[in-house]
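# Chains, contacts and geometry: an overview
Residue strings, one per chain:
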Amino acid sequence: MELERPVVPCMFGLQRLKDKETLEAAAAAEFDCAKKPLSAAPPSSPGGGGGGGLGLGLGLGLGPLPRAASAARRCDAGAEGDAAAGEAEGDVPPALAADRTRPCTFVGDKYLVLDPVEGSTLYRCVDVNTREELVCKVSAAREASALLLAHARLDGERRVSALREALAYAGGRRCLVFARAYGDLHTHVRAHVRPRRGLREAEARRLFRQAAEAVAACHAQGVVLRDLKLRKFVFADPQRTELKLETLEDAVLLEDPDDDRLQDKRGCPAYVSPEILRCHASYSGRAADMWSLGVILYTMLVGRYPFNDSEHASLFAKISRGHFVLPDWLSARARCLVRSLLRRDPEQRLLAADVLLHPWLQAQGAGAGDERDAPVGGCRGGGGGAGGGGAGAAGDQVVPECP
């Protein structure tokens, strides 16, 4: 099935634009270019992907895109001669070797789009020229433009995944390509929590410092993240030592960096701050991010969410009260930092830049800063209790799924 004309990629090389103002201007103009709408024959399946394929046609109402013969052969080859021929051409990326029978969407005469990344809005894809495994996101032009502007503002920030390329897509949509990740922080915490406890403080400190650096960089550039949670952070290396923000999806770019008041309510229920739950009230976007960062830290250290309930109404009531329990086996400095973030009054929460100066994050070495009774100045009781018993509180579950 052929389109009336081939898809023309609209390339956007962030690395080629050095000046930030030029970069933002180019990002704003990137998707203003008028292109003749692409017309395709009706899809052959309800998913719109043609032939029951996965790819980005699913759920987006997009018709099938043309595929290069060699790429289609590598992706669709069976177990016989075509498979052997594909292996003879060179190393086959694991993403393709895992399932040679899967139909794939071909985008921009360059990328094969595969299945969705678990727990993410992104899709796995492969560059058919270099065989590099990547991830991509397809969205409407307006949403893609906002995402592109956010990444342009944070271009070069080491704690934010870099946008590799942006391409025109069928139906007036855009396909944004990012470097692949090696798992997310949510999955890592679930896999490594100890019985009735979370990560060891040394490991939690190392990972949380990187997450705090990412949030601090965004806030410094006037970007409020809003939907901040464990799964937003992904590992950039196979050794899982470097954390990055996966994308800036749902982020808000402040027109005035000194005014971060927001009106819309958005976020994962387990991470939402008390002030967001108040009806018809504006709130500080940065302060709401800091509450979510506190939930992330608590979950990493304790192995469960500070506020949990199977019913949203009960969960929101617990969050509004702001009462949580900190196990007594946590170090004094770790408890102090959690309390400094999970304060009901947003004006009393630490700023992102101040979090990086906290004594718990300043400690060096595996055992440094983990003294349970070390005095910590300036840390009041705030919103949570410091007593024991938190690890076994009734109704808590170990890092449950959060959509």
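These numbers were taken from a predicted model, which means no experiment stands behind them. By convention here, each chain's residues receive numbers from 1 onward along its written sequence. Only residues with pLDDT of at least 70 are given local features in this predicted model, and only at 80 or more are side-chain atom pairs given and counted; all residues enter the totals for whole chains, interfaces and linings. Each side-chain value is worked out from all heavy atoms of the structure, with water and hydrogens disregarded.

### Describing the state of the cysteines
Any two cysteine sulfur atoms within 2.5 Å of one another count as a disulfide. With the rule as written, the count across this model stands at zero disulfides. Not part of a disulfide, Cys175 finds its nearest cysteine sulfur in Cys136, a span of 4.1 Å.

### Comments concerning helix α10 (residues 332–341)
For the exposure calls, accessible area comes from a 1.4 Å probe over protein chains only, and a residue counts as buried if that area is under 20% of its type's maximum, exposed if over 50%, partly exposed in between. Only DSSP runs of H or I with at least four residues qualify as helices, and only runs of E with at least two residues qualify as strands; both kinds are numbered from the N terminus onward. Buried residues dominate α10, accounting for nine of its ten residues. When we look at burial in α10, the residues that qualify are Ala332, Ala334, Arg335, Cys336, Leu337, Val338, Arg339, Ser340 and Leu341.

### Structural notes on the environment of Trp360
Topologically, Trp360 is positioned in helix α12 (residues 359–362). The spacing of Trp360 and Arg333 is 27 residues in sequence and 5.2 Å in space, taken between C-alpha atoms.

### With respect to the confidence of the model for the protein
Taken over all residues, the pLDDT of the protein has a mean of 73, while the share at 70 or more is 64%. Overall, residues 95–101 carries pLDDT values under 50, and its contacts beyond four positions in sequence, including any with other chains, amount to 19 contacts. Confidence scores here are pLDDT values: one per residue, from the predictor, ranging 0 to 100. Pairs of residues are marked as contacts when any of their non-hydrogen atoms sit within 4.5 Å. Every residue in residues 371–376 is under pLDDT 50, and counting partners more than four places away or in other chains gives 13 contacts.

### What to know about the sheet that holds strand β1 (residues 105–107)
Strand order in the open sheet formed by six strands is β1-β2-β3-β4-β6-β5, and the pairing between neighbours is antiparallel. At either end of the open sheet lies a strand with only one pairing partner, and these are β1 and β5 (163–168). Averaged over all neighbouring strand pairs, the angle between strand axes comes to 35°, with direction disregarded. Two strands pair under a simple rule: DSSP has to find at least two bridges between them. Looking at chain direction, β5 and strand β6 (residues 173–179) are connected through five bridges and run antiparallel. Looking at the pairing, Glu165 lines up with Val177 of β6. Of the strands in this sheet, β4 (133–140), β5 and β6 are in contact with helix α5 (residues 141–153), which crosses β4 at around 130°. Interaxial angle, 0 to 180 degrees, is taken between N-to-C directions of lines fitted to C-alpha atoms, where a helix line uses only the stretch in contact.

### Here we look at the pairing of β4
Where burial is concerned, most of β4 is hidden: seven out of the eight residues are buried. As judged from the seven bridges shared by β4 and β6, these two strands associate in the antiparallel manner. Note on β6: the bridge partner recorded for Ser139 is Arg174.

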